[in-house]
There are 2 protein chains.
Amino acid sequence: MAEQPGPEQSPSRRALLARIGAVAGGAAMYQAMTALGVAAESAYAGPVKLEGDARGASVLVLGAGVAGMVAAMELRKAGYRVQVLEYSDRPGGRCWSLRGGDRYTELGGETQTVGFDHGLYFNPGPWRIPYNHHAVLDYCKRLGVALEPFVQVNHNAMVHGRNAFGGKPQRYRTINADYQGGIAELLAKATKQGKLDEAVGKQDQEILLESLRAWGALNTDMTYAKSVLTSDRRGFDRDPGGGLTARPVPSEPVAIKDVLSSRLWSYLVTGSLYEFQTTMFQPVGGMDMIAKAMAREVDGLIRYNAKVTEIRQDDRGVTVTLRDAQGAGGAEQVRADWCVCTIPLSILSQIEMNVGAPMAAAIRAVPYAASVKVGLQFKRRFWEQDEHIYGGISYTDLPIRMISYPSTAYGTPGKGVLLGAYAFGPYAYEFTALPAAERVKRALEWGAALHPQYKDEFDGGVSVGWHRVPGALGCNGAWTDAKRDEHYDNLCALDGRIVLAGEHASYIPAWQEGAILSSLDAISRLHRRVVSA
Amino acid sequence: MAEQPGPEQSPSRRALLARIGAVAGGAAMYQAMTALGVAAESAYAGPVKLEGDARGASVLVLGAGVAGMVAAMELRKAGYRVQVLEYSDRPGGRCWSLRGGDRYTELGGETQTVGFDHGLYFNPGPWRIPYNHHAVLDYCKRLGVALEPFVQVNHNAMVHGRNAFGGKPQRYRTINADYQGGIAELLAKATKQGKLDEAVGKQDQEILLESLRAWGALNTDMTYAKSVLTSDRRGFDRDPGGGLTARPVPSEPVAIKDVLSSRLWSYLVTGSLYEFQTTMFQPVGGMDMIAKAMAREVDGLIRYNAKVTEIRQDDRGVTVTLRDAQGAGGAEQVRADWCVCTIPLSILSQIEMNVGAPMAAAIRAVPYAASVKVGLQFKRRFWEQDEHIYGGISYTDLPIRMISYPSTAYGTPGKGVLLGAYAFGPYAYEFTALPAAERVKRALEWGAALHPQYKDEFDGGVSVGWHRVPGALGCNGAWTDAKRDEHYDNLCALDGRIVLAGEHASYIPAWQEGAILSSLDAISRLHRRVVSA
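All residue numbers refer to positions counted from 1 along the written sequence of the respective chain. In the order they appear in the text, chains get letters beginning with A and ligands get numbers beginning with 1. Where local features are concerned, this predicted model is filtered to residues with pLDDT of at least 70; where side-chain atom pairs are given and counted, the filter is 80 or more; whole-chain, interface and lining totals use all residues. Working from all heavy atoms in the structure, the side-chain values ignore hydrogens and water.

A. Just the overall build of chain A, in detail. In this description a helix means any DSSP run of H or I spanning at least four residues, a strand means any run of E spanning at least two, and both kinds are numbered starting from the N terminus. Assigned secondary structure in chain A consists of 17 helices and 24 strands. For 533 residues, the compact-globule estimate of 2.2 N^0.38 gives 24 Å, and chain A sits close to it at 26 Å. A principal-axis box enclosing the C-alpha atoms of chain A has dimensions of 80 × 60 × 40 Å. In chain A, which comprises 533 residues, the share counted as buried stands at 64%. Taking the contacts inside chain A whose residues are at least 6 apart along the sequence as the reference set, 70% of them involve residues at least 24 apart. Accessible surface, chain A as shown: approximately 18000 Å² in total, 51% of it carbon and sulfur. Only four residue types enter the tally: Lys and Arg on the positive side, Asp and Glu on the negative side; His and the chain ends are excluded. By convention, the charge on Lys lies at NZ, on Arg at CZ, on Asp at CG and on Glu at CD. Averaging the positions of the 57 positive and the 56 negative side-chain charges in chain A gives two centres separated by 1 Å. Atoms considered for the radius of gyration are the C-alpha atoms alone. The globule rule reads 2.2 Å times the number of residues to the power 0.38. The classification of residues rests on relative accessible area computed with a 1.4 Å probe and restricted to protein chains. Under 20% of the type maximum is buried, over 50% is exposed, and intermediate values are partly exposed. It only takes one pair of heavy atoms within 4.5 Å for two residues to be counted as in contact. Only the protein chains shown count as cover for residues, with accessible areas throughout obtained via the Shrake-Rupley method and a probe of 1.4 Å.

B. Representation of the side chain of serine 346 of chain B within the structure. All names here are of chain B. Within the secondary structure, serine 346 sits in helix α9 (residues 345-348). Two N or O atoms form a polar contact when they lie within 3.5 Å of each other; inside protein one atom must be a possible hydrogen donor and the other a possible acceptor, and for residues adjacent in sequence the pair counts only when both atoms belong to side chains. For serine 346, the side chain forms a polar contact with the main-chain oxygen of alanine 472, separated by 2.5 Å. Among residues more than four places away in sequence, those in contact with serine 346 are Tyr368, Ala472 and Leu473.

C. Summary view of the state of the cysteines. Disulfides are defined as cysteine sulfur pairs within 2.5 Å. For the coordinates displayed, the defined rule picks out zero disulfides over all chains. Free cysteine cysteine 95 of chain A: the closest other cysteine sulfur is in cysteine 140 of chain A, separated by 8.8 Å.

D. Here's a closer look at the packing of helix α3 (residues 66-77) of chain A against helix α9 (residues 288-297) of chain A. Residue and element names in this part refer to chain A. Look at α3 against α9: their axes get within 9 Å of each other, and the N-to-C directions meet at 30 degrees. Relative to α9, α3 is oriented roughly parallel. Crossing of α3 against α9: the hand is left-handed. Along its contact with α3, which presents Val66, Met69, Val70, Met73 and Arg76, the element α9 presents Ala291, Met294, Ala295 and Glu297. Of the residues contributing to the contact of α3 with α9, the split by class is seven nonpolar, no polar and two charged. All axes here are fitted lines through C-alpha atoms, helices being fitted over the stretch that makes contact, and every angle between N-to-C directions spans 0 to 180 degrees. Oblique is the label for any angle not covered by the other classes, which are roughly parallel (under 35 degrees), roughly antiparallel (over 145) and roughly perpendicular (65 to 115). Crossings are classed by handedness, with left-handed meaning an anticlockwise turn of the near helix from the far one by less than a right angle and right-handed meaning a clockwise turn. Each residue gets one label: Ala, Val, Leu, Ile, Met, Phe, Trp, Tyr, Cys and Pro are nonpolar, Asp, Glu, Lys and Arg are charged, and the others, such as Gly, are polar.

E. Highlighting the nonpolar core. The set of buried Ala, Val, Leu, Ile, Met, Phe, Trp, Tyr and Cys residues whose side-chain atoms join them within 4.5 Å is what this entry labels a nonpolar core. Membership of the largest hydrophobic core comes to 240 residues, with the highest contact counts inside it found for Tyr179, Met294 and Val340 of chain A together with Tyr179, Met294 and Val340 of chain B. Beyond its immediate chain neighbours, meaning those up to four positions away, methionine 294 of chain B contacts Val66, Met69, Val70, Met73, Tyr139, Leu143 and Ile516 of chain B. Ala306, Leu345, Met353 and Leu500 of chain B belong to the second largest nonpolar core, which has 37 residues in total.

F. Examining helix α5 (residues 202-216) of chain B more closely. Residues and elements named next belong to chain B. Along its 15 residues, α5 runs 21 Å from first to last C-alpha, staying within 8% of the 21 Å computed at 1.5 Å per residue. Among the residues of α5, those classed as buried are Asp204, Gln205, Ile207, Leu208, Leu209, Ser211, Leu212, Ala214, Trp215 and Gly216. One or two positions beyond α5, positive phi appears at alanine 217, with a value near 60 degrees. To estimate the expected span of a helix, count its residues, drop one, and scale the result by 1.5 Å.

G. Region of interest: the pairing of strand β17 (residues 338-341) of chain A. All names here are of chain A. Side chains Trp338 and Val340 project from β17 onto one buried face, and the interleaved Cys339 and Cys341 project onto a second face that is buried too. Sheet topology note: the strand β1 (residues 58-62)/β17 ladder contains four bridges and is parallel. Bridged to valine 59 within β17 is tryptophan 338. Judged from the three bridges that link them, β17 and strand β24 (residues 498-500) form a sheet pairing that is parallel. Residue valine 340 lies in a different strand from β24, and its bridge partner there is valine 499. Strands qualify as paired when DSSP identifies two bridges or more between them.

H. Examining the sheet that holds strand β14 (residues 306-313) of chain A more closely. Across the sheet, four strands lie side by side as β16-β15-β14-β18 (chain A); this open sheet has mixed pairing. The open sheet has two free edges, formed respectively by β16 (332-336) and β18 (352-353) of chain A, since each of these has just one partner strand.

Structure below.
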């Protein structure tokens, strides 16, 4: 989850936007883009400074996800007495990695035991960090979380459509080169025929033609046709070599009309979106390295297995009622002067809490997006060995939507774990409804359309449907623009002694950056209130 | 060197191609592309199989670069008695890394002592490995050379032109987004005005428009104008955040005519070229990890400091005369049944050798390309800390041509070494003629146009001009297509008991892949001759 329904999911997201655009026109389209959290560079201004005396005030932080732990870390540093209540038995929330031996019980009671080999992992939640998510990167740096590049675009990965090229997967590079070359040729032709004379001055037309030739790999006659030049983008039929058997054989481009009707062009945009531009990162060893590093910082402050059942504030403080998450023992109450609540709205909306009507309405207003991820272990890294795909993502219009290859341990022998499905929207609901083993089986069947090796090489899988994750009940807050206009500020504003934080209280929904920035903003406002009281 | 005048050097290479195209028309352009070694996926078919009995035949391998060491390794495995003669005092040839404490004396006698911090390095020669260079990757795998991703394209890196935008560097992402959006808008407008009716059918026009809108980030009115949608490609004026201070502010795109006249579009092609597509690699710790791993394999076979002065064959074998490279002692002769000669043609053409007229002419025919690299150490990784550039390359039309940031140790404190210049063509000759310190000084002055921090943060540099490297005398064999037609096969063919190998004997000039494939082809032919004799 985490980025769902983030900008990457080009096809469905684009389809959705196109629908909105078609029905409601430009303004709605614009607003929908905002609502979907398309925009994303961080407004992080460096380590938060909470100046002024907290005078020993106490804070209860609800939730030990990234937002909650950041709040705990920074508030303690500023002199607060902090306690964190966490529903599950581990820190991190959606910042989570599954490894061999891990057991995960979803809503409905089904338990999966992960059978991955030592050193292999799967991130059910966030799995990559954009270069422009400065807060996440800075916390990684400060907490010593080692990062390595995450490969988003791989020119040698596949793009696949059930009805495109007879269902045969294509290489990203061929579709990318042929689309670019095809439209460059179209525009060059129109320019040379004088059809752009109104739009572009004569001198600019010359530079335009020169640029199209360079950029589109057009031959000197301004066509995008079979040549060494075009093969230097899309690849060769026979590659150049050394010695006497070296001469390359160019490949035949796909005509632009066939590229267009294949609709595989819809996957080309992936690496140009702000959050998916190079250089992206991932923590070495799994995304939960961030959670673990934060948990070390707030060591001793977190009480696990604490299910919050009621949040009640008065003039002097906040009382939280809790029970053991496993159901042992009776109700218990803890009290503090202030409360930073990072519980997902999907759950918070079911907890009794005396906040004002505006915040209460906001909490109820935001539905949670659905997503399902499937991690698959294979006996060998066949995508590297057979297909020379090192990291990156293949895309498909099948319900699995994509296959993401590990951006680490390239070329190593032994087993490998890849992301075998990242379904969202209607597909995700359908997927979530299935038993876990069935989800894995479907991911295998669909994925075999891209990689026939799936059948022989499969070695175990695990699946996480976010609407079945206890403590989350969904992937992320799915704001619409109308809801944001009405409720967002009310959700974020301090209500008496309670303030909310988390990705749902940000303009970067579904990303850890949103969670952290929301948390920093919330505790800054809380602190100002405390200091000025 | 290594890739010079490889496909990446878009501006000069493109300018050259454009000149050829303008003067000589399409066929010459096509041939020039071939000559420049544009084409590049490997024809590697897996580990070489030298079957049949070598009957204890002996081979002299001249040169312990990558081609020579591969020949030695594989021939020994096939049962040959192998000796390698190497001019310098280290293995690897152009596969070379400079580290703190290293001393390098160039032609002319000037010695540089490298002052880099522990763990930092600079590759004067090859510095990256394409995913389609299967032979290099396979040798890395077999020899246990650890690889990590090399970042070629970084959307947050700079593109810079002296006359573009008042000399102010732009982010790659803004020029990329605005060029793409600009031409998408132009083509969409022409399509809607019916100007493409001859070229594209009505139904395809609809898909074309849809694709342009998605791919170019066009708004619903099919313009590429300021919006969240376009800022999601080029970046925001004010980035989205969390809590109550979160609302993003879109940025204003640059008009297509200004993008065109800036000529910065010429740098956009870099990541689409076959050899520069994701995912690229580099050895962890420096390119010479490959050389060192190969040298371990042929441990004891290499005689260093051996300057070959004559190569003479007769019906029974080959006699090589050598002297100590430092001038100590007199001439000496070694003899073997066969000879695999990987000495660069720039040097081989000066060595007496009795081969047939065709090979002799081929050896004399190929000039060597010029290139200069400058490695700069800075007190801190300001490109990451100040500018959020993690790996990748900034481009400029200044003589340094580019600045490449280290694709490793991201976010670490302490010093960092970057590639501060990679000059080629006329710039390289001019650079090479200067004393080493002056080359570094110029690189600093020019680089400061992109990074003003250069002045305060500089902490030492080293420069290598390949025409001054003893044992290389140039960067790589610079074939023209006419020369290739006339001489290439003669260069590669077995001449009596002598066969040549190296990047110059391949269709992948300047790349290690060419050297290895050439070597494998050469020894395979040699072996067939031995076995069938």
